[in-house]
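# Structural overview for review
Here's the letter readout for the chains.
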Amino acid sequence: MNTPKLLPWYAHKAGVSIERAEILWRKAVREATEETGWVGNAEYWGAAMDHFIHLLESERSTLCTPQVVPFVRSQYRIWRLPLLAMEDMFAALQDAWQRPLRAPQKTA
């Protein structure tokens, strides 16, 4: 049974190996055959892909890989806080410095 051409992409997206994705594909094909009773029509392939995606999601939930991206984003925001505060302080100082220069001059 041929695997989908996008199987490596689905495997990488779910964080599983290509070999494990091929095993899950074969299981999805068996389940689709059992569900539809036909092989090769559009309903069969749609059911096979639905089962495959569901199996990949369940496989992904069993993996213990840490999700690093949210952690890195939060660290980036925390790292930028002093820079943003300094930028706001300099903008306030510049405004305070420019305010006397912009004030209208009273003539006597």
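Scroll up to find the structure this text is about.
About the thresholds
Residues numbered from 1 in each chain as written. Predicted model: local features only at pLDDT ≥ 70, side-chain atom pairs only at ≥ 80, totals over all residues. Heavy atoms only, no water. Helix = DSSP H or I, 4+ residues; strand = E, 2+ residues; numbered from the N terminus. Rg over C-alpha atoms; globule rule 2.2 N^0.38 Å. Buried < 20%, exposed > 50% of the residue type's maximum accessible area, 1.4 Å probe, protein only. Contact = heavy atoms within 4.5 Å. Areas by Shrake-Rupley, 256 points an atom, 1.4 Å probe, with all protein chains shown as cover. Lys, Arg positive; Asp, Glu negative; His and termini not counted. Charge placed at Lys NZ, Arg CZ, Asp CG, Glu CD. Patch = residues over 30% accessible without salt bridge, like charges linked within 9 Å, V, L, I, M, F, W, Y side chains within 5 Å. Salt bridge = Lys/Arg side-chain N within 4 Å of Asp/Glu carboxyl O. Axes fitted to C-alpha atoms, helices over the stretch in contact; angles between N-to-C directions. Parallel < 35°, antiparallel > 145°, perpendicular 65-115°, else oblique. Left-handed = near helix turned anticlockwise from the far one by under 90°. Nonpolar A, V, L, I, M, F, W, Y, C, P; charged D, E, K, R; others polar. Expected span 1.5 Å × (residues − 1). Arc of directions from axis to C-beta.

Along the protein chain, the regular secondary structure elements total four helices and zero strands. The N-to-C order of helical and strand elements in the protein chain reads α-α-α-α. Scaling as 2.2 N^0.38, a compact globule of 108 residues should have a C-alpha radius of gyration of about 13 Å, whereas the protein chain reaches 29 Å, well beyond that. Taken along its principal axes, the extent of the C-alpha atoms in the protein chain is 100 × 30 × 20 Å. Buried residues in the protein chain amount to 20% of all 108 residues. Residue pairs in contact within the protein chain that sit at least 24 positions apart in sequence constitute 48% of those at least 6 positions apart. Working note: accessible area of the protein chain is about 8,900 Å², and carbon and sulfur atoms make up 61% of it. Once the 13 positive and 12 negative side-chain charges of the protein chain are each reduced to a mean point, those two points are 12 Å apart.

With that out of the way, let us pick up a negative patch on the surface. On the surface, a cluster of negative charge is made up of Glu34, Glu35, Glu43 and Asp50. Listing elements by their share of the negative patch, those giving two or more residues are α2 (18-36) and α3 (42-62). By secondary structure assignment, the location of Asp50 is in helix α3.

At a minimum axis distance of 9 Å, the contact between helix α1 (residues 7-14) and α2 shows a crossing angle of 110°. It follows that α1 is roughly perpendicular to α2 by the angle criterion. Where α1 crosses over α2, the handedness of that crossing is right-handed. Contacts from Leu7, Pro8 and Ala11 in α1 reach Ile18, Ala21, Glu22 and Trp25 in α2. By residue class, the composition of the contact of α1 with α2 is six nonpolar, no polar and one charged.

Taken together, the side chains of Tyr76, Trp79, Leu83, Met86, Met89, Phe90 and Leu93 define a hydrophobic patch exposed on the protein surface, amounting to about 770 Å² of accessible area. Its place among the elements puts Tyr76 in helix α4 (residues 68-102).

An α-helix turns once per 3.6 residues; consequently, residues spaced three or four apart project the same way. For α2, with 19 residues, the first-to-last C-alpha span of 26 Å sits near the 27 Å given by 1.5 Å per residue. Every buried residue of α2 is accounted for by Ala21, Leu24, Trp25, Ala28, Val29, Ala32 and Thr36. The buried residues of α2 occupy one face: seen down the axis, they fall within an arc of 150°. Turned more than 90 degrees away from the buried face of α2, the exposed residues are Glu19, Arg30 and Glu34. On its buried side, α2 packs onto α1 and α3. Immediately beyond the C-terminal end of α2, within one or two residues, lies Gly37, with a positive phi of roughly 80°.

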